[in-house]
Structure formats: structure tokens, C-alpha cells
Amino acid sequence: WTLASRLALYLWDSVPNKRLLERVAKGELDQPDKLDGIVNETVWNWRTRAKIRGFYHHWLEMERADELVKDPEAFPGFDPALAADLRASLWIFLDQATWDTKDGYRQLLLSTEIPMNERLGKFYGVEVKGGFQPVALDGGKRAGLVTHPYLLSYLAYHNNTSPIHRGVFLTRHLLGLPLKSPPMANEFKDSGFDPSLTMRQKVAEMTKSQDCMGCHVTINPLGFSLEHYDGIGRWREQDGGRPIDATSEFRTEDGQTLTLRSARDVAEPAG
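Overview of the structure. (Residues numbered from 1 in each chain as written. Predicted model: local features only at pLDDT ≥ 70, side-chain atom pairs only at ≥ 80, totals over all residues. Heavy atoms only, no water.)

1. Considering the pattern of salt bridges
For side chains bearing opposite charge, pairing can occur when the charged atoms are close. Under the defined criterion, the tally for this structure stands at 15 salt bridges. Between Arg 64 and Glu 61 there is a salt bridge, with its nearest N and O atoms 2.6 Å apart. Its relative accessible area of 35% is what places Arg 64 among the partly exposed residues. Salt bridges linked by common partners bring Arg 19, Arg 23, Glu 28, Lys 34 and Glu 41 together as one network. (Salt bridge = Lys/Arg side-chain N within 4 Å of Asp/Glu carboxyl O. Buried < 20%, exposed > 50% of the residue type's maximum accessible area, 1.4 Å probe, protein only.)

Below, the structure is given as C-alpha cells:
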């Protein structure tokens, strides 16, 4: 009874269901030759899948996308239907990476393919016929969920990218590093910068003070590594007519200095 309760609480956040209780009543959880099968059945239950989805929703801060809206002038064609397809694509990707025993969980960070349907394919520049299917974008430059267009879209401003939002997310949720609250709130105001500057240059200028760099020495390199992806996750070579510079030096907790040139450089060491 104790083992059944532990299984249900750990995997389902609930109490044992009728089938598990029947197994207990028959004494099957006391039989080693049957226990593995019972545990495996419990793991693959729909309740476990629901709990894992809840974990991803929390870990990826997906509530930030509940009102995902983009500037129609900056990103023409990005509408609620497309956002809904992107959300479905991310869930399909997460389910496959979690439950597909062939490739394993490392595909969360290392996969170069993204599930896309015909509408998403047309918008992101690849040919897709029919429903969702895995598509390799940008010649293998993608890095799993780190570069999924849905994640990149809600970790960005309505009319541009946001290396700070993306960098903070990667710092906290991928590397698991703590960040202190800034001594003073400093809102990014695009209109306050020379319009000829790239987003990277604006962020570097905004965070150059010693007080800011206490955290931004970590945040900025990670955020800059994703600058090849615009505010809706499309690959780009230029920002405002200037070449994208996604290269930065990142110092690890153990004193190593890593050169980050792209999202793959972030995902591969982490994976």
C-alpha cells in the first residue's frame, strides 16, 4: 500500500487509481517479477504525461505567452492563428523529446528539427505539406527548445528581440544560476537609442555600468548568442542593416572562459 501511494504521489500528484489498487490487493507489488511492469505502466499513464506538461509549462514560463502579440509592421503575418500553431509545435516537440525512447531527452537541447505544419512552413520559409512533421530549419543551426520559435517569440519585445529576457531565461532555467535583483529598475526604451545601433549595441550600452555588469556579465553573452533569431524566431543575418554579432566570451562558475558563437554553443555543453 505504501509503495503504491508513493508511486501515485510521485508520478501523478494523486492517489492510486483503481487499477493500481487492484494490483495491491492481489499482492503483485510484493512480487519482483511483476513490480517492474507495474512501475513502467504507472510511468506511461496519461497522468504522468499531464504532470510532465505542467513541469514544462512552469519551467519554460509559458504563461508569458498567454497574450503573445507582435507589431504588425515589424512582423507582418504573425497573428493569433500562427501563435497557436507555434504553441502546438512546442508541445509536440516537448512530448517527443520526453517520451520518444529512440532519441532520448538530450534532443530537448540538441535537436535541429522543429515540428511544423503547412502554415508554419510557409511563414518560416520551408515547404511542408499537411499536418505537423519534423522540419530541419536553417541548415542545422537550431538547438532544440532553446531556438524554438515560440520560446524565442515570447522572450522578445513586440517589435524586436530581447537579449536580456532571453539571457535571463537561459541563466536561470537552463544553467540554473541565481541572479540578484537589480539595485534599480532600468527599463529598456528603444526610442532612447540611436536608431542605427543594433539591439546588441543598445543592450551593451544600457548595461555597461559596474552595478549592471554584476549580473549582465552572465546574462548578456547568453542573450547575444541568440541574436541571429529575430523577435519571432526567424533566422537573420543582419539587424538594422548591420551584420549580426552573436559571439561573446562566457565565464563559467569554475573559472573557464567559453566562446559562444551561436545557440549551439550554449546547448551542446549544457546537453
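From this point, the narrative continues.
2. A few points about the packing of aromatic side chains
Tallied over the entire structure, the rule returns 8 aromatic pairs. Measuring from centroid to centroid gives 5.7 Å for Phe 55 and Trp 59, while their planes differ by 10 degrees, and the two rings are stacked. Placement of the pair is Phe 55 and Trp 59 together in helix α4 (residues 46-59), with a separation of 4 residues, close to one helical turn. Lys 51 extends its terminal NZ or CZ atom over the ring of Tyr 10, reaching a point 5.7 Å from the ring centre. (Phe/Tyr/Trp six-rings, centres within 6.5 Å; stacked < 30°, edge-to-face > 60°. Helix = DSSP H or I, 4+ residues; strand = E, 2+ residues; numbered from the N terminus. Lys NZ or Arg CZ within 6 Å of the ring centre and 35° of its normal.)

3. Regarding the packing of helix α10 (residues 199-206) against helix α11 (residues 210-224)
With their axes 10 Å apart at the nearest point, α10 and α11 run at an angle of 170 degrees to one another. Relative to α11, the element α10 lies roughly antiparallel. In this structure, α10 uses Arg 200, Val 203, Ala 204 and Met 206 to contact α11, whose residues at the interface are Cys 212, Asn 220 and Phe 224. Split by residue class, the contact of α10 with α11 holds 5 nonpolar, 1 polar and 1 charged. (Axes fitted to C-alpha atoms, helices over the stretch in contact; angles between N-to-C directions. Parallel < 35°, antiparallel > 145°, perpendicular 65-115°, else oblique. Contact = heavy atoms within 4.5 Å. Nonpolar A, V, L, I, M, F, W, Y, C, P; charged D, E, K, R; others polar.)

4. Here's the deal with the nonpolar core
When a protein is soluble and globular, its nonpolar side chains tend to lie buried together. Of all hydrophobic cores here, the largest spans 46 residues; its most connected members are Leu 60, Phe 78, Leu 94, Leu 145 and Tyr 154. Examining the composition of this core, we find that 8 residues originate from one element, helix α5 (residues 80-99), more than from any other. With residues up to four places along the chain from it excluded, the contact list for Leu 60 reads Leu 90, Leu 94, Leu 145, Leu 151, Tyr 154 and Phe 169. (Core = buried A, V, L, I, M, F, W, Y, C linked by side-chain atoms within 4.5 Å.)

5. Considerations on the packing of helix α9 (residues 163-174) against α11
Across the interface, α9 lies against α11 with an axial gap of 7 Å and an inter-helix angle of 110 degrees. Regarding the angle of α9 to α11, the classification is roughly perpendicular. Across the interface between the two elements, Pro 163, Ile 164, Gly 167, Val 168, Leu 170 and Thr 171 from α9 touch His 216, Thr 218, Ile 219, Leu 222, Gly 223 and Phe 224 from α11.

6. Looking at unusual backbone geometry
In the Ramachandran plot, Glu 61 falls in the positive-phi region, its phi being about 50 degrees despite a non-glycine side chain. Inspection of the secondary structure assignment puts Glu 61 in the loop between α4 and α5. In the Ramachandran plot, Asp 138 falls in the positive-phi region, its phi being about 60 degrees despite a non-glycine side chain. For Asp 138, a relative accessible area of 24% translates into the label partly exposed.

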